[in-house]
Amino acid sequence: MNILLINWEGINAMQGESQFLFSHLQKMFDCELLTLERCINSLDMKFNPQVRYKYSLIDKALMIKEYMETREELTGTLDAIISDDLCLSFANLKTPIISIADTPYFPIWNSLVSNGKTGKQELYEFGIIRRELQKQQYMKSKHIISINRFMKNYVKDACGKTAEIISPGVDMDFFFKKDNLEETLELKAKYGIPPFQDVGIAVTDFSIDTNWEMLAKIIRDNPKIFWIIGLIGGGGYKIKSPNAKIFTGINEELLRDLYWCSDFYIDTVPIRGSNLFSFQAMSCDLPIVTMPCGYFAENELTYEREYNDESGIVPTDCGIIVIKNDLNAFNLAIRDALLSKKGELYDLRPRDSIDQRCLDYDTFAAKYRATIDSVIKGEEYVDLEMQYRQQ
């Protein structure tokens, strides 16, 4: 297969969930990964970083358009291009495009505006521009892969097209449960984590859409818990809380070690596309505390029917879902997750849940290979799930 991957950043850039996804795809197909920087260098262009950020997205997409159209004219068509869903919005190519839908930009920014975040007009326009760029690329795409049902619905609303669901998979042989207490204590000593204290972990950044203010409140309100913050993108941040520590330079080896040092994983983001870090933690058998976002938004209505109005939380097989973006609700969920981890409350089975929900790497890889092969053969996608529902 002659395949090209396209993503804004290189796989070693910020090591967010998108970078992890594209690194696995690159290994899977043993193919080239094209980044914006590569396009700029090849075109011998200079990009002005002072341009207002919301409009610089358009500039970036136009640079990739010029590079890809020139490249295709000189070297011919490829079997397929697998791209982030903002990169090829303006490109007119003969090579079939497979777009990965992984971020619901407009709902995120609309939610921020609704909740009174600063720069309302800027945020709203930013969300609209990103949605329009996504829509243009979806309409050009031969096939669209969404990472969960929430994103499938997002694609449908954006352009009317049907996306195939392929959730990011976790290598369960790499992310496994560590039962050896002595080895765990050695890891805690290595990373400066208290040996006999409850430990929570979050993998996040300090951007406006991650609800990090709530995470800060939770850390302050739970001084008896030690907090690991895996910081995407690095930076010279320092934390004042004595019960927390920031780790930068995120990669899978470091994350696995940190999961092994922890008792639960927490995600305070109210709206997101990908839950890959939650899946990794679950594969290490950590219960998760999360809002009904991304993959976990699929059963949001069920959660709302089941949760107690006073608590705002719902136990599931893999952890505790927090319905309310509320400090008391998060505190209750953390309490229940820790009690369950010690076998004193719910029978949570996070690692088994990965297997049962088919969120493992082998399933992910098999689905991707079958889909790419089908696109290259020119076969039309048939949504079997939709057919079944219509019967």
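Predicted model only: the values in this text are computed from it and were never measured.

Caption draft 1: Spotlight on the overall build of the protein chain. Each helix and strand in the protein chain was counted, giving 15 helices and 13 strands. Taken across its 391 residues, the protein chain has 54% of its residues classed as buried. In the protein chain, the share of contacts with a sequence separation of at least 24, taken over all contacts with a separation of at least 6, comes to 66%. Surface accessibility of the protein chain: about 18200 Å² in total, with carbon and sulfur atoms responsible for 48%.

Caption draft 2: Spotlight on the sheet that holds strand E1 (residues 3-6). Across the sheet, six strands lie side by side as E2-E1-E3-E4-E5-E6; this open sheet has parallel pairing. Of all strands in the sheet, those bounded by a partner on one side alone are strand E2 (32-34) and strand E6 (164-165). In the packing of helix H1 (residues 17-29) onto the sheet, the strands contacted are E1, E2, strand E3 (80-84) and strand E4 (97-101), and the crossing angle to E3 comes to about 165°.

Caption draft 3: Geometry of the packing of aromatic side chains. Under the defined criterion, the tally for this structure stands at twelve aromatic pairs. Aromatic side chains Phe174 and Phe175 sit 4.9 Å apart centroid to centroid with 80° between the ring planes, which places their arrangement in the edge-to-face category. Taken together, a centroid distance of 6.2 Å and an interplanar angle of 65° make the contact between Phe279 and Phe296 edge-to-face. Of this pair, Phe279 sits in helix H10 (residues 276-283) while Phe296 sits in the loop between strand E11 (288-290) and helix H11 (300-306), and the two are 17 residues apart along the sequence. The residues Phe279 and Phe296 share a single accessibility class, namely buried. In this structure an aromatic cluster arises from ring pairing among Phe174, Phe175, Tyr259 and Tyr265.

Caption draft 4: Layout of helix H14 (residues 361-376). In this model, H14 (16 residues) spans 22 Å end to end at C-alpha, consistent with the 22 Å of a helix rising 1.5 Å per residue. Restricting attention to buried positions, one finds in H14 the residues Phe364, Ala365, Tyr368, Thr371, Ile372 and Val375. Looking straight down H14, one finds its buried side chains confined to an arc of 135°; they lie on one side. In the core, the buried residues of H14 are packed alongside E1, H1, E3, E4, strand E5 (143-146) and E6. Capping the start of H14 is the job of one residue whose side-chain oxygen sits 3.4 Å from the backbone nitrogen of Asp362: Asp360. Gly378 occupies a position one or two residues after H14 and carries a positive phi of about 85°.

Caption draft 5: The arrangement of the packing of H1 against H14 in detail. Two elements in contact, H1 and H14, have axes whose closest approach is 11 Å; the angle formed by their N-to-C orientations is 65°. For the pair H1 and H14, the sense of crossing is right-handed. Note on element contacts: H14 touches H1 through Tyr361, Phe364, Ala365, Tyr368, Arg369 and Ile372, opposite Leu21, His24, Leu25, Met28 and Phe29. Partitioning the contact of H1 with H14 into residue classes produces nine nonpolar, one polar and one charged.

Caption draft 6: Quick peek at unusual backbone geometry. The residue Asp30 is not glycine, and still its phi comes out positive at about 50°. Within the secondary structure, Asp30 sits in the loop between H1 and E2. You can call Asp30 exposed: its relative accessible area is 70%.

Caption draft 7: Structural context of helix H8 (residues 212-221). Of all the positions in H8, only Met214, Leu215, Ile218 and Ile219 are classed as buried. Along the axis of H8, the buried residues cluster in a sector spanning 140°; they form a single face. Against strand E7 (199-204), strand E8 (226-231), strand E9 (244-247), strand E10 (264-267) and helix H12 (327-341) lie the buried residues of H8.

Caption draft 8: The sheet that holds E11, seen in detail. On the basis of which strands lie adjacent, the open sheet formed by seven strands has the order E9-E8-E7-E10-E11-E13-E12 and mixed pairing. Both outer strands of the open sheet, E9 and strand E12 (313-315), are each paired with one neighbouring strand and no more. For this sheet, the mean angle separating the axes of adjacent strands, direction not counted, is 20°. Pairing of E7 with E10, which is carried by two bridges, proceeds in the parallel orientation. Residue pairing across strands places Ile201 opposite Tyr265, the latter belonging to E10. Helix H9 (residues 252-260) rests against E7, E8, E9 and E10 of the sheet, and its axis sits at about 155° to E7.

Cut-offs used in this document
- Residues numbered from 1 in each chain as written.
- Predicted model: local features only at pLDDT ≥ 70, side-chain atom pairs only at ≥ 80, totals over all residues.
- Heavy atoms only, no water.
- Helix = DSSP H or I, 4+ residues; strand = E, 2+ residues; numbered from the N terminus.
- Buried < 20%, exposed > 50% of the residue type's maximum accessible area, 1.4 Å probe, protein only.
- Contact = heavy atoms within 4.5 Å.
- Areas by Shrake-Rupley, 256 points an atom, 1.4 Å probe, with all protein chains shown as cover.
- Pairing = 2+ DSSP bridges.
- Axes fitted to C-alpha atoms, helices over the stretch in contact; angles between N-to-C directions.
- Phe/Tyr/Trp six-rings, centres within 6.5 Å; stacked < 30°, edge-to-face > 60°.
- Expected span 1.5 Å × (residues − 1).
- Arc of directions from axis to C-beta.
- Polar contact = N/O pair within 3.5 Å; in protein donor to acceptor, adjacent residues only side chain to side chain.
- Left-handed = near helix turned anticlockwise from the far one by under 90°.
- Nonpolar A, V, L, I, M, F, W, Y, C, P; charged D, E, K, R; others polar.

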